[in-house]
Amino acid sequence: EKMLDKIALNIEVEFHNVVVKYCTSSYVSAISCRSLHLVPTDHLFHSSFADYTGPARAAFKAVSVKDLTWCLDAVEPTSGLSATPGPGTGMAPMVARFQPPVVNRCSFAVRLAVRKHPDGPR
């Protein structure tokens with residue numbers, strides 16, 4: 001168990017050009033980012049091996065996201081179609097009009113402190 005905890009704490013994850021789309025009968029929501037990077041760090045947030053040791057008894061991580069965009073568009077009512085468009089039907093819903101993005105090319109970084117027992121004794 002302790003070995004699996006150390007592996008999970010120290011996994012570095014990096015994604016490029018990720019797009020997630022959610023379709024309903026009334027809207028289409030799409031979130032995309034150019035890159036997402038999660039890295040284990042020390043207490044000063046420099047890339048290093050993470051562990052629950054030290055005075056804070058916490059593991060630290062840094063997350064950086066570049067060019068995050070979120071679009072939310074209304075779907076055109078299905079007139080004259082026998083099948084309802086949507087996931088699993090092979091038909092994509094038709095967007096009536098593309099709106100400006102809710103979030104457009106936003107980049108940010110987040111620093112996390114992960115405690116194994118946040119309410120327990122120090």
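Each value, and the rule that gives it
Residues numbered from 1 in each chain as written. Predicted model: local features only at pLDDT ≥ 70, side-chain atom pairs only at ≥ 80, totals over all residues. Heavy atoms only, no water. Helix = DSSP H or I, 4+ residues; strand = E, 2+ residues; numbered from the N terminus. Buried < 20%, exposed > 50% of the residue type's maximum accessible area, 1.4 Å probe, protein only. Contact = heavy atoms within 4.5 Å. Areas by Shrake-Rupley, 256 points an atom, 1.4 Å probe, with all protein chains shown as cover. Salt bridge = Lys/Arg side-chain N within 4 Å of Asp/Glu carboxyl O. Patch = residues over 30% accessible without salt bridge, like charges linked within 9 Å, V, L, I, M, F, W, Y side chains within 5 Å.

Can you tell me about the overall build of the protein chain, naming the residues and giving the values?
Tallying secondary structure elements over the protein chain gives one helix and five strands in all. In the protein chain, the order of α-helices and β-strands from amino to carboxyl end is α-β-β-β-β-β. When the 122 residues of the protein chain are sorted by exposure, 20% land in the buried category. In the protein chain, the share of contacts with a sequence separation of at least 24, taken over all contacts with a separation of at least 6, comes to 64%. Summed over all atoms, the accessible surface of the protein chain reaches about 8,900 Å², with 60% contributed by carbon and sulfur.

Requested: an account of the environment of Met 94, with residues and values cited.
Relative to the elements of secondary structure, Met 94 occurs in the loop between β3 (58-75) and β4 (95-97). Among the residues examined, Met 94 registers a relative accessible area of 55% and is labelled exposed. Taking the C-alpha atoms as reference points, Met 94 and Asp 73, separated by 21 residues in sequence, lie 9.8 Å from one another.

If you had to explain the pattern of salt bridges to someone new, which residues and values would you point to?
Evaluation of the coordinates by the stated rule reveals two salt bridges. The residue Arg 34 makes a salt bridge to Asp 67 at a minimum N-O spacing of 2.5 Å. Here Arg 34, found in strand β2 (residues 27-41), pairs with Asp 67, found in strand β3; they are 33 residues apart in sequence, far enough to count as distant. With its nearest N and O atoms 3.3 Å apart, the salt bridge here joins Arg 105 to Asp 67. Here the residue Arg 105 occupies a position in strand β5 (residues 103-115), and Asp 67 occupies one in strand β3, the gap between them amounting to 38 residues. Taken together, the shared-partner salt bridges in this structure form one network comprising Arg 34, Asp 67 and Arg 105.

Requested: an account of the environment of Ile 7, with residues and values cited.
Considering the arrangement of structural elements, one finds Ile 7 in helix α1 (residues 2-9). In this structure Ile 7 comes out as partly exposed when scored by relative accessible area, which is 44%. C-alpha of Ile 7 to C-alpha of Ala 50: the two residues are 43 residues apart in sequence and 9.5 Å apart in space.

Lay out a nonpolar patch on the surface with the relevant residues and their values.
Taken together, the side chains of Met 3, Leu 4, Ile 7 and Ile 11 make up a nonpolar region of the molecular surface, amounting to roughly 430 Å² of accessible area. Here Met 3 is to be found in helix α1. The class for Met 3 is exposed, based on a relative accessible area of 59%.

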